[in-house]
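# Coordinate analysis (summary)
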Amino acid sequence: MNINKERLAEHFIALCEMSSPSREEKGVADYLKQTCSSLGADFIREDDSAAQTGSNTGNLIIRFNGSNGADPVFFACHMDTVNPGRDVKVDRNGDILTSRGGTILGGDDKSGIAPLIELVTLLKENGAAHRTIEIVFTTCEEIGLIGARHIDYRLLQSRFGYALDATGIDQVIIGTPAANKNKIKVHGVAAHAGIRPEAGVNAFLIAAHAITKLRLGRIDEESTANIGLIKGGVATNIVPEHLVMSGEVRSHSAEKLAAYTEEIKSVFIDTIADWPTPEGTGDKHPSLDFTMTAAYPAMRLSMDDIVVETVKKAGQTLGRDIQFIVAGGGSDATFLNGYGLATAIIATGMTDVHTTDESLNLNDMVSLTELLHAIATE
Ligand SMILES: [Zn+2]
């Protein structure tokens, strides 16, 4: 297997320097269509998801037909990046790649895309017998997995595959948590803060009392909770009437997810129920609107599933020790699994992602390409 490290670096740098914030992935999509077409792809299709996602492109599904008789496999990466991710300039220091400063690098998820291009280039070059390989490039992963949510999965022949989208190396994620998002609206009573504060109920004060009673952060070994956004208030001289908070709960256990979400709701309900109603305001009481949305379901693959066994075997062929782990985030794999496509997540070596200190070691992308090659030719 002659992986061309410099060619891999060139594709990676070109991809990182192409701006692709969520909903603006078209430049990257065009580059990938063109690259795969010149590599002799047998099928290149953009699905119709753009109407639902609001992106300037659909998801891409690309197929390279195989001949070794093994089951077809897909590899998925998302094309979008987080902010600040426009006009990235890549700095290279030996094998370490970083942004020149002020922006992310974009290794999430371009450190998966570049090895995929190297994989199909390599297979064309060395003529190795391989299974049918399908490549899925999604949009809008970073803003709620909405490309994968709306993907036209019927275009795929494969029944299992891998999302290349995680930190670390030689790690495969086989379980991710489910998440609930909540929106909590606290309604107090407005009053002039200087002239008649006695008639007001400060929504911020209610929220503050409730928040101090919540269990936030890591709640147990498989669950977390957070309040991430607070908005409210009108002016310094008005007792604030409304406040809106948004938060989330994640858990690998469906029962705990439901229980912790309920716990947050009841803390707010109890806090409001105990709150005194100001004198002389008639029937004005503080109140609450609590809405919960299921953001995504949990995913858990079994160790004897073909998707786990195939990558395990590929690791053994290469003499590498692959770790199978359960980790804490939603990803495109969540929805692909939901559509009946068994999907594990393979680490790409991306490091300090979503920060301007992000870096990537070229050798990690080389070893990822080796693993993909072993899966393809198994
Ligand atoms: Zn990602």
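See the structure printed just above.
Our subject in this report is the structure included herewith. Every chain is numbered independently, its residues counted from 1 as its sequence is written. Totals for whole chains, interfaces and linings use all residues, but because this is a predicted model, local features are given only for residues with pLDDT of at least 70 and pairs of side-chain atoms are given and counted only at 80 or more. The side-chain values count all of the structure's non-hydrogen atoms but skip hydrogen atoms and water molecules.

With that settled, consider the coordination of the zinc ion. Metal donors were taken as nitrogen, oxygen and sulfur atoms no farther than 2.8 Å from the ion, or 3.2 Å where the ion is Na, K or Ca. Water is excluded, so coordination may look unfinished. The zinc ion binds to the protein through His78 (NE2), Asp108 (OD), Asp165 (OD) and Asp165 (OD), with metal-donor distances spanning 2.0 to 2.7 Å. In the primary sequence, the donor residues of the zinc ion line up as H-x29-D-x56-D. Taken as a pair, histidine 78 in strand E3 (residues 73-78) and aspartate 165 in the loop between strand E7 (160-164) and strand E8 (171-176) lie far apart in primary sequence, 87 residues in all. Whether a residue is buried, partly exposed or exposed follows from its accessible area with a 1.4 Å probe, protein chains only, as a fraction of its type maximum: under 20%, in between, or over 50%, in that order. Under the relative-accessibility criterion, histidine 78 is labelled buried at 1%. We classify aspartate 165 as buried; its relative accessible area is 14%. Helix and strand assignments come from DSSP, with helices taken as H or I runs of at least 4 residues and strands as E runs of at least 2, each series counted from the N terminus.

This paragraph deals with the packing of aromatic side chains. Pairing of aromatic rings covers Phe, Tyr and Trp, the last through its six-membered ring, and needs centres within 6.5 Å; plane angles under 30 degrees mean stacked, over 60 mean edge-to-face, and all others mean tilted. What the rule picks out here adds up to 3 aromatic pairs. A ring pair is formed by phenylalanine 160 and tyrosine 162, whose centres lie 6.3 Å apart and whose planes are at 85 degrees; its orientation type is edge-to-face. Here the aromatic residues Phe75, Phe160 and Tyr162 are joined through ring pairs into a cluster of three or more.

Take the buried residues of types Ala, Val, Leu, Ile, Met, Phe, Trp, Tyr and Cys, join any two whose side-chain atoms come within 4.5 Å, and each joined set is a nonpolar core. Counting residues in each nonpolar core, the largest one holds 66 residues, and the members touching the most others are Leu32, Phe75, Leu116, Phe137, Tyr162, Ile346 and Ile375. The element best represented in this core is helix H10 (residues 362-377), accounting for 9 residues. Contact partners of isoleucine 346, with chain neighbours within four places excluded, come to Tyr162, Ala163, Leu164, Asp165, Ala166, Gln171, Val172, Val311, Leu368, Leu371 and Ile375. In terms of nonpolar packing, the next biggest core, distinct from the first, is built from 24 residues, Ala178, Ile219, Ile227 and Val267 among them. Here, residues are in contact when the closest pair of their heavy atoms is within 4.5 Å.

In this section: the sheet that holds strand E17 (residues 359-361). Any two strands with at least two DSSP bridges between them are considered paired. Strand order in this open sheet of 3 strands is E4-E5-E17, and the pairing throughout is antiparallel. For this open sheet the edge positions go to strand E4 (90-93) and E17, each flanked by a neighbour on one side alone. Taking the axes of each pair of neighbouring strands and ignoring which way they run, one obtains an average angle of 25 degrees across the sheet. Inspection of the sheet shows strand E5 (residues 96-99) paired to E17 by 3 bridges, in the antiparallel sense. The angle between two axes is taken between their N-to-C directions and runs from 0 to 180 degrees, where each axis is a line fitted to C-alpha atoms and a helix contributes only its stretch in contact.

The next subject is the packing of helix H8 (residues 306-317) against H10. Contact geometry for H8 and H10: axes closest at 9 Å, N-to-C directions at 115 degrees. In this structure, the crossing between H8 and H10 has a hand that is right-handed. Along the contact surface, H8 presents Thr310, Val311, Ala314 and Gly315, while H10 presents Leu371, Ala374 and Ile375. The residue inventory of the contact of H8 with H10, partitioned by class, reads 5 nonpolar, 2 polar and no charged. The handedness criterion is simple: a crossing whose near helix is rotated anticlockwise from the far helix by less than a right angle is left-handed, and one whose near helix is rotated clockwise is right-handed. Only Asp, Glu, Lys and Arg are considered charged, only Ala, Val, Leu, Ile, Met, Phe, Trp, Tyr, Cys and Pro nonpolar, and every remaining residue, Gly among them, polar.

Below, the discussion takes up the sheet that holds strand E10 (residues 217-220). The 5 strands are arranged E10-E11-E12-E9-E13 in an open sheet whose pairing can be described as antiparallel. The open sheet has two free edges, formed respectively by E10 and strand E13 (287-296), since each of these has just one partner strand. The mean angle between the axes of side-by-side strands here comes to 20 degrees, regardless of whether they run parallel or antiparallel. Bridging between strand E9 (residues 178-187) and E13 involves 9 bridges; their strand directions are antiparallel. When the sheet's bridge partners are listed, alanine 179 is paired in E13 with tyrosine 296. On top of the sheet, helix H6 (residues 203-213) reaches E9, strand E11 (223-232) and strand E12 (242-251); it is set at about 20 degrees to E12, its chief contact. Helix H7 (residues 254-273) contacts E9, E10, E11, E12 and E13 of the sheet and is inclined by roughly 10 degrees relative to E9.

With that settled, consider the side chain of serine 223. Checked against the element boundaries, serine 223 lands in strand E11. According to the relative accessible area criterion, serine 223 is buried, its value standing at 1%. Between N or O atoms, a polar contact is any pair within 3.5 Å; within protein, one atom must be a potential hydrogen donor and the other a potential acceptor, and residues adjacent in sequence are included only when both atoms are from side chains. A polar atom in the side chain of serine 223 sits 2.8 Å from the side chain of serine 251. Those residues within four positions of serine 223 in sequence are excluded, and the remaining contacts are Gly217, Arg218, Arg250, Ser251, Lys256 and Tyr260.

Take the pairing of E11 next. Two strands pair when backbone bridges link them, and E10 and E11 are joined in this way by 3 bridges, in the antiparallel orientation. Looking at E11, one finds that aspartate 220 is bridged to serine 223. The loop that links E10 with its antiparallel partner E11 comprises 2 residues. As judged from the 9 bridges shared by E11 and E12, these two strands associate in the antiparallel manner. Along E12, the bridge assignment pairs isoleucine 227 with glycine 247.

It is the contact of helix H2 (residues 26-38) with helix H4 (residues 107-126), at a shortest axis distance of 10 Å, that shows an interaxial angle of 15 degrees. In terms of orientation, H2 lies roughly parallel with respect to H4. For the pair H2 and H4, the crossing hand works out as left-handed. Only Lys110, Ile113, Ile117 and Lys124 of H4 make contact with H2, whose side of the interface consists of Val28, Tyr31, Leu32, Thr35 and Ser38. Each residue belonging to the contact of H2 with H4 can be placed in one class, and the counts come to 5 nonpolar, 2 polar and 2 charged. Roughly parallel means an angle under 35 degrees; roughly antiparallel means over 145; roughly perpendicular covers 65 to 115; every other angle is labelled oblique.

This paragraph deals with the pattern of salt bridges. Close approach of charged atoms lets side chains of opposite charge pair. We define a salt bridge as a contact between a side-chain nitrogen of Lys or Arg and a carboxyl oxygen of Asp or Glu at a distance within 4 Å. Evaluated as defined, the whole model comprises 18 salt bridges. Aspartate 30 serves as the salt-bridge partner of lysine 26, at 3.3 Å between the closest nitrogen and oxygen. In this pair, lysine 26 and aspartate 30 are both assigned in helix H2, 4 residues apart and thus about one turn of the helix distant. Classification of lysine 26 as partly exposed rests on a relative accessible area of 37%. Assessed through its relative accessible area of 34%, aspartate 30 is described here as partly exposed. The network of salt bridges with common partners includes Lys5, Glu6, Arg92 and Asp95.

It is worth stressing that arrangement in space is one thing and function is another; only the former is reported here.
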